[in-house]
Amino acid sequence: MTESDAREEICRVGRSLFERGYVHATAGNISVRLDDAEGGGFLITPTDACLGYLEPSRLARLDAQAQQLSGDKASKTIALHTQIYRAARAFDVQTRCVIHTHSTHCVALTLRAQGLAQAELLPALTPYFVMKVGHVPVINYHRPGDPAAAQRVADTVTRYGEADTPIRAVMLARLGPNVWHDSPAAAMATLEELEETARLVCLSADAPEPLTDSQLNELRQTFGARW
């Protein structure tokens with residue numbers, strides 16, 4: 001993906017997420033890791049920008065050390081994004097995009113009493129959640145931009161990867177999910193599946209039963225699910 005294509009795709013994905021209610025106001029951010037052929041470094045949405053009204057030329061351009069080169073002031077979450085890239089690429093070298101939102105139903109689950117104490121946001125409830133998202137560890141609350149949260153996320157990504165269950169998402173309690181994949185479109189699809197699964201739980205009168213071990217094993221064998 002060229003830098004020009006990445007700029008256009010970030011704006012397209014941001015607008016799509018905003019128009020469909022996955023982000024609101026100035027919440028959320030998107031970054032892309034550029035290939036060496038494009039000069040390396042990162043693109044990220046500006047601080048306090050509305051994802052529904054991004055302009056390709058105003059996205060923040062950063063070097064490989066996350067120092068700003070051009071564009072509007074980078075989102076303060078770049079420290080978290082760079083930690084995710086560093087940790088996730090040890091297990092998925094093609095990781096190129098990180099998306100953070102304050103998606104309503106994901107956040108709602110962490111506001112419940114049981115949500116504040118659980119290690120993962122959701123059990124294995126649906127086959128597509130298992131195949132497209134996978135485990136989503138919950139990171140205890142830290143203020144937005146806290147460096148300790150970035151380190152905690154990186155440590156969690158590494159711990160799951162070393163246990164042979166690489167992850168594509170974490171949930172920041174009371175804030176929202178971070179998801180990553182090999183392109184903005186793929187990261188958006190992961191976020192959509194995560195938020196829709198959280199929505200199902202919020203709409204369920206009773207706690208739904210997770211898939212059984214045999215059903216999970218079938219998904220592993222048939223589709224290579226990482227669960």
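Since the model is a prediction, treat every value here as computed from it, not as a measurement.

Draft legend 1. Expanded view of the overall build of the chain. Within the chain one finds 7 helices and 8 strands. Computed over the C-alpha atoms, the radius of gyration of the chain is 17 Å, within 12% of the 17 Å expected from 2.2 N^0.38 for a compact globule of 227 residues. When its C-alpha atoms are laid out on the principal axes, the chain stretches across 50 × 35 × 30 Å. Within the chain, buried positions represent 52% of all 227 residues. As presented, the chain carries roughly 10600 Å² of accessible surface, and 49% of it is formed by carbon and sulfur atoms. In the chain, the 22 positive side-chain charges and the 27 negative ones have mean positions that sit 4 Å from each other.

Draft legend 2. Spatial organisation of the sheet that holds strand 2 (residues 42–44). Here 8 strands make up an open sheet; going across it, the order is 4-3-2-1-5-8-7-6 and the pairing mixed. Looking at which strands have only one partner, the edges of the open sheet turn out to be strand 4 (68–70) and strand 6 (138–139). Strand direction decides the pairing type here: strand 2 and strand 3 (residues 60–62), joined by 3 bridges, are antiparallel. Following the sheet pairing, Ile44 is matched in strand 3 by Ala60.

Draft legend 3. A look at unusual backbone geometry. A positive phi angle is found at Ala25, which is not glycine, with a value near 45°. Its place among the elements puts Ala25 in the loop between helix 1 (3–19) and strand 1 (29–33). Positive phi is not limited to glycine here, since Ala66 has a value of about 65°. Structurally, the position occupied by Ala66 is in the loop between strand 3 and strand 4. Residue Ala66 is classed as partly exposed on the basis of its relative accessible area of 22%.

Draft legend 4. Main features of the packing of helix 3 (residues 104–111) against helix 6 (residues 184–203). Between helix 3 and helix 6, the least distance of the axes is 7 Å, while the angle of their chain directions is 50°. Considered as vectors, helix 3 and helix 6 are oriented oblique to each other. Once helix 3 is placed against helix 6, the crossing between them reads as left-handed. The segment helix 3 lies against helix 6, with Thr104, His105, Cys106, Ala108 and Leu109 engaging Leu194, Glu195, Ala198, Arg199, Val201 and Cys202. Along the lines of polarity and charge, the residues of the contact of helix 3 with helix 6 split into 7 nonpolar, 2 polar and 2 charged.

Draft legend 5. Up close: the pattern of salt bridges. Under the criterion given, the structure shown has 9 salt bridges. Here Arg12 and Glu9 are joined by a salt bridge, their closest N and O atoms 2.8 Å apart. Of this pair, Arg12 and Glu9 both sit in helix 1, separated by 3 residues, roughly a single helical turn. Here Glu196 and Arg199 are joined by a salt bridge, their closest N and O atoms 3.8 Å apart.

Draft legend 6. Looking closely at the nonpolar core. With 44 residues, the main nonpolar core has Leu17, Ile99, Leu121, Leu122, Val130, Val136 and Leu194 as its most contacted residues. Every element with two or more residues in this core is listed here: helix 1, strand 1, strand 5 (97–100), helix 3, helix 4 (127–132), strand 7 (169–172), helix 6 and helix 7 (213–223). A per-element tally of this core places helix 6 first, with 6 residues. If we ignore the near neighbours within four places in the chain, the residues touching Val136 are Ala119, Glu120, Leu121, Phe129, Ala169, Val170, Met171 and Leu194. Counting 23 residues, the second-largest nonpolar core is a separate cluster that includes Ile84, Val98, Ile139 and Val157.

Draft legend 7. Geometry of the environment of Asp48. When you line up the elements, Asp48 lands in the loop between strand 2 and strand 3. You can call Asp48 exposed: its relative accessible area is 58%. Once the C-alpha coordinates of Asp48 and Asn178 are considered, the two residues, 130 residues apart in sequence, prove to be 17 Å apart.

Basis of the calculations
- Residues numbered from 1 in each chain as written.
- Predicted model: local features only at pLDDT ≥ 70, side-chain atom pairs only at ≥ 80, totals over all residues.
- Heavy atoms only, no water.
- Helix = DSSP H or I, 4+ residues; strand = E, 2+ residues; numbered from the N terminus.
- Rg over C-alpha atoms; globule rule 2.2 N^0.38 Å.
- Buried < 20%, exposed > 50% of the residue type's maximum accessible area, 1.4 Å probe, protein only.
- Areas by Shrake-Rupley, 256 points an atom, 1.4 Å probe, with all protein chains shown as cover.
- Lys, Arg positive; Asp, Glu negative; His and termini not counted.
- Charge placed at Lys NZ, Arg CZ, Asp CG, Glu CD.
- Pairing = 2+ DSSP bridges.
- Axes fitted to C-alpha atoms, helices over the stretch in contact; angles between N-to-C directions.
- Parallel < 35°, antiparallel > 145°, perpendicular 65-115°, else oblique.
- Left-handed = near helix turned anticlockwise from the far one by under 90°.
- Contact = heavy atoms within 4.5 Å.
- Nonpolar A, V, L, I, M, F, W, Y, C, P; charged D, E, K, R; others polar.
- Salt bridge = Lys/Arg side-chain N within 4 Å of Asp/Glu carboxyl O.
- Core = buried A, V, L, I, M, F, W, Y, C linked by side-chain atoms within 4.5 Å.

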